[in-house]
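Residues per chain, in single letters:
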Amino acid sequence: MIPRNLIFTAALMLLVVLGMGVYVWQIRGHVTSNTPSAADNRPVAPPVSGPTEQVILYVAYDDPGTLRAQSWKIPLPAGRQERAEQLLRALITVYVDKSSPHPLSAGAEIRDAYLIDPGLAVIDTNAAFADNHRSGVLVEELTVASLVETLSANIPGITRVRILVDGKSRDTLAGHADLSDFYDVNSMNQMVAAMQ
Amino acid sequence: MLMLAAVALLLSAPDEKKISIYSKAANYSLPITQKNGQDCAGLLEILEPLGTVSAKADGQRWKVRFNNVDGEFTAGKPRARIRGHDFDLHANFLIENGRGLIPLASLTQLLPQFLGGPVIFHETSRRLFIGDVSVHFIAQVNKSNPPALVMNFTSPVNPSISTEPGKLRLLFTHEPLVPSGSQTLTFDSKIIPSATYQEENGAAELTIAGTAPLFARFSNDGRTITVTAAPQVTAQAPPQPTAAPPSVTGSSSTTTTVPISRRYFAVVDASHGGDERGAAISDQLAEKDVTLAFARRLRQELEARGLTTLLLRDGDTSLTLDQRANIANSNHPAIYICVHASSQGYGIRLYKAMVPSVADSHGPFLDWSSAQAPFFTLSQSAATSVAAEFQRREIAVRTLIAPLRPLNSIIAAAVAVEVAPRGPSIAELNDPEYQQSVTAAVATGLSAVRAKLEAGR
């Protein structure tokens, strides 16, 4: 014969299991709606405050496939490296805008810019910058030229530029523009001159 | 030891199982999922390229609507209801992460209900033919010297080509190729005695046996493949400057037996290929396919002008940028032409290499990234001549410099041609008339500076 207290305990546990089953069934539908968005588009760096300065941004235009030097006023910090980062972030802001003449994906960002003497700059972009970039010789060339020209026009002394993606070297931006080597600023100037 | 065992297991892992589906709308492959000993595939994924389809999972029920046909399945049950009729499946229907999986063996029963027409399923090789889409071929050996196996296909084909001692294999992954008769063909030729057809894992393969190394070339817009023996000569390597590639393998001997068919005027490189698709020109069209079509036409146009041409990629094969430069450089052409395609912008863009202003060359060893520098003026001449020809034909053209590998590693005149449509319709990239017009302009432009280019090599 089974003791009465064991029967009570088993019945109680069965009730608990059934109750939890009903509860899980009810909350099942809520889980997906409460899942946070996978894409977090917030900027990685805090906004910069301070005096604004006039800078030249080399903005790419898909139509007619050229770079245009444009004067912008943006807040710039005092440090040389921080200025470089801020310049490039201002440029990317132009491109991620919906009305951009050379659109980049919404998640495209500059993670860091490093200035290494003598004359070397390293631009580290995030994965979304390259992974979602449109593929084509000219469209990729415009992006690369825009970054290099903007940096070298506003930060004196830069002679070579390397572009990384998520801190790593990569063969091409999106199948065409070479990212495996350093960009020589003089050669880039000639390339941009041929574009105009 | 464990690491070695894991690596060995990985290396010996079989190819992923897949099913290939051929239809008038699209040819595509899908992965196979094995459940309870049955090969299954996602019904939604099968129907998606064929029409408008939507699916909804509601508990154990899975409903699908294809065009105006409704189907209903129940997870764990071997039954389906389509157009109001019940059908027995060969195994239970399954739902996995919202995907409705049906056994492959039931495809011939279910798909006609959705599609309204018959399908043919080669179950062993997992190749599904929807409608009359089959590509047939005939093969015969010409009694030329050397003998050539000429295969004529009823539609253009683009197989991957591989060789091994005594064999040349053509793998058709995207073409609904079927054998016209016997699966083994024998020929009255000592050099090409036989060819066999077989199907496996969603692909068809033609294996051509040869008693000499064989190579294949395409013509007739991809409808004809000609297989011949590669002539073998003993060649004394010419003492030319060589660009030092990043990695070097092989012997340092200067006398070697290599297959050299002839000295080419041009090396034409269809960019991308294999897994590297290049730009998505449209949902159905990849840059690698457009570049191959243009490259094949360009070879025809050049050869029609008496300019011998090597097509660097003549199938859906993967080549690294360094491999492309190596092959081009080892052939010492007068010019290297790299073909790209784009849906952005209009007309033609011609590119010369962006070469670093400071090179790191040492004697006969040229810096790999700036080996193009001594040939830049020659490349400029070629680009100018080709651009002039485009202008004469009233096709919009721009001449630019680009950081585009492997142009900067080529030790010959080198240009890249990026072809965009003339107007808003990207379908023009597939238009034979436009392809003809573009490639004829390039060939005519290069022909005009032939003497200069040949003198420069």
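Structure's up top.
Residues numbered from 1 in each chain as written. Chains lettered and ligands numbered in written order. Predicted model: local features only at pLDDT ≥ 70, side-chain atom pairs only at ≥ 80, totals over all residues. Heavy atoms only, no water.

Draft legend 1. Molecular detail of the overall build of chain B. Looking only at helices and strands, one finds eight helices and 32 strands in chain B. For chain B, the residues scored as buried account for 48% of the 457 residues in total. Counted over contacts in chain B with a minimum sequence separation of 6, partners at least 24 positions apart contribute 63%. (Helix = DSSP H or I, 4+ residues; strand = E, 2+ residues; numbered from the N terminus. Buried < 20%, exposed > 50% of the residue type's maximum accessible area, 1.4 Å probe, protein only. Contact = heavy atoms within 4.5 Å.)

Draft legend 2. Molecular detail of the overall build of chain A. Within chain A, the regular secondary structure consists of five helices and six strands. Sorting the 196 residues of chain A into buried and exposed places 43% on the buried side. Residue pairs in contact within chain A that sit at least 24 positions apart in sequence constitute 60% of those at least 6 positions apart.

Draft legend 3. Just the pairing of strand β1 (residues 18–22) of chain B, in detail. All names here are of chain B. By the criterion of burial, β1 is predominantly enclosed, with four of the five residues buried. Sheet topology note: the β1/strand β2 (residues 27–31) ladder contains five bridges and is antiparallel. Its bridge partner being in β2, Lys-18 is matched across the sheet by Pro-31. Relative to strand β13 (residues 127–130), β1 runs parallel, the two being bridged by three bridges. In the sheet register, Ser-20 faces β13, and the bridge partner there is Arg-127. (Pairing = 2+ DSSP bridges.)

Draft legend 4. Focus on helix α7 (residues 432–448) of chain B. Residues and elements named next belong to chain B. Given a rise of 1.5 Å per residue, 17 residues ought to cover 24 Å, and the 24 Å separating the end C-alpha atoms of α7 matches this to within 8%. Inspection of α7 places Tyr-434, Gln-435, Ser-437, Val-438, Thr-439, Ala-440, Ala-441, Val-442, Ala-443, Gly-445 and Leu-446 among the buried residues, and these make up the whole buried set. Buried positions along α7 lie against α4 (287–304), β28 (335–341), β29 (348–353), α6 (376–392), β32 (413–419) and α8 (450–455). Capping the start of α7 is the job of one residue whose side-chain oxygen sits 3.1 Å from the backbone nitrogen of Glu-433: Asp-431. (Expected span 1.5 Å × (residues − 1). Polar contact = N/O pair within 3.5 Å; in protein donor to acceptor, adjacent residues only side chain to side chain.)

Draft legend 5. Seen up close, the sheet that holds strand β6 (residues 61–66) of chain B. All names here are of chain B. Strand order in the open sheet made by the five strands is β5-β6-β7-β8-β9, with antiparallel pairing throughout. Looking along the sheet, the strands with just one partner apiece sit at the ends: β5 (53–58) and β9 (85–88). Within the sheet, the average angular offset between the axes of one strand and its neighbour, ignoring direction, is 20°. Sheet topology places strand β7 (residues 69–74) next to strand β8 (residues 79–82); three bridges connect them, and they run antiparallel. Opposite Glu-72, over in β8, you have Arg-81 as the bridge partner. The sheet strands contacting helix α3 (residues 107–115) are β6, β7, β8 and β9, and the helix crosses β7 at an angle near 145°. (Axes fitted to C-alpha atoms, helices over the stretch in contact; angles between N-to-C directions.)

Draft legend 6. Just the interface of chain B and chain A, in detail. Every contact between the two is made by 22 residues of chain B and, on the other side, 26 residues of chain A. Of all residues in chain B, Met354(B), Arg398(B) and Pro403(B) bury the most surface against chain A, accounting for 28% of the area lost on that side. There are zero salt bridges connecting chain B and chain A. Joining chain B to chain A, the criterion identifies 10 residue pairs in polar contact (both at pLDDT 80 or more). Elements that contribute at least two residues to the side of chain B that touches chain A include exactly β29 and β31 (397–402) of chain B. (Buried area = accessible area lost by both parts, 1.4 Å probe. Salt bridge = Lys/Arg side-chain N within 4 Å of Asp/Glu carboxyl O.)

Draft legend 7. View of the pattern of salt bridges. All names here are of chain A. Summed over the entire model, instances satisfying the criterion amount to 27 salt bridges over all chains. Among the ionic pairs, Arg-111 bridges to Asp-166, the shortest N-O distance being 3.6 Å. On the criterion of sequence distance, the pair formed by Arg-111 in strand β3 (residues 110–116) and Asp-166 in the loop between β5 (160–165) and β6 (183–184) is long-range, its members being 55 residues apart. You can call Arg-111 partly exposed: its relative accessible area is 32%.

Draft legend 8. Representation of the environment of Phe376(B) in the model. All names here are of chain B. Mapped onto the fold, Phe-376 is located in helix α6. With relative accessibility at 24%, the residue Phe-376 sits in the partly exposed group. Considered as a pair, Phe-376 and Met-354 are 22 residues apart in the sequence and their alpha carbons are 9.3 Å apart. With near-sequence residues (within four places) excluded, Phe-376 lies in contact with Lys-352, Ala-353 and Ile-401.

Draft legend 9. Spatial organisation of the sheet that holds strand β4 (residues 38–42) of chain B. Residues and elements named next belong to chain B. With respect to topology, four strands assemble into an open sheet ordered β3-β4-β11-β10, the strand pairing being antiparallel. Two strands lie at the open edges of the sheet, namely β3 (33–35) and β10 (94–96), each paired on one side alone. Ignoring strand direction, the axes of neighbouring strands in this sheet form an average angle of 40°. Pairing analysis gives three bridges linking β3 to β4, with the strands arranged antiparallel. When the sheet's bridge partners are listed, Thr-33 is paired in β4 with Cys-40.

Draft legend 10. The environment of Met151(B), seen in detail. Residues and elements named next belong to chain B. Mapping Met-151 onto the fold places it in strand β15 (residues 148–153). Accessibility expressed as a relative area gives 1% for Met-151, which makes it buried. Note: C-alpha distance between Met-151 and Thr-224 (73 residues apart in sequence) is 5.6 Å. Setting aside its immediate chain neighbours within four residues, Met-151 contacts Ile-138, Ala-139, Leu-170, Leu-206, Ile-208, Arg-223, Thr-224, Ile-225 and Val-227.

Draft legend 11. Local environment of the side chain of Glu175(B). Residue and element names in this part refer to chain B. With respect to the element layout, Glu-175 can be found in the loop between β17 (167–172) and β18 (184–186). For the buried residue Glu-175, which engages in no salt bridge, the nearest side chain bearing the opposite charge is Arg-127, 7.1 Å off. Of the polar contacts made by the side chain of Glu-175, one reaches the backbone nitrogen of Asn-158; its length is 2.5 Å. (Lys, Arg positive; Asp, Glu negative; His and termini not counted.)

Draft legend 12. Spatial organisation of α3(B). Within α3(B), burial applies to Leu107(B), Leu110(B), Leu111(B), Pro112(B) and Phe114(B). Remark: Gly116(B) follows α3(B) within two positions and exhibits a positive phi of approximately 75°.

Draft legend 13. Inspection of a nonpolar patch on the surface at higher detail. On the surface, a nonpolar cluster with roughly 430 Å² of combined accessible area is contributed by Leu12(A), Leu15(A), Val16(A) and Met20(A). A relative accessible area of 47% means that Val16(A) is categorised as partly exposed. (Patch = residues over 30% accessible without salt bridge, like charges linked within 9 Å, V, L, I, M, F, W, Y side chains within 5 Å. Areas by Shrake-Rupley, 256 points an atom, 1.4 Å probe, with all protein chains shown as cover.)

Draft legend 14. Focus on the packing of α6(B) against α7(B). Residues and elements named next belong to chain B. Where α6 meets α7, the axes come as close as 8 Å, and the angle between the chain directions of the two elements is 130°. Compared by their axis directions, α6 and α7 come out oblique. Of the two possible hands of crossing, α6 and α7 adopt the one that is right-handed. For the pair α6 and α7, contact is made by Ala-382, Ser-385, Val-386, Glu-389 and Phe-390 and by Val-438, Ala-441, Val-442, Thr-444, Gly-445, Leu-446 and Ala-448, respectively. Tallied by class, residues from the contact of α6 with α7 come to eight nonpolar, three polar and one charged. (Parallel < 35°, antiparallel > 145°, perpendicular 65-115°, else oblique. Left-handed = near helix turned anticlockwise from the far one by under 90°. Nonpolar A, V, L, I, M, F, W, Y, C, P; charged D, E, K, R; others polar.)

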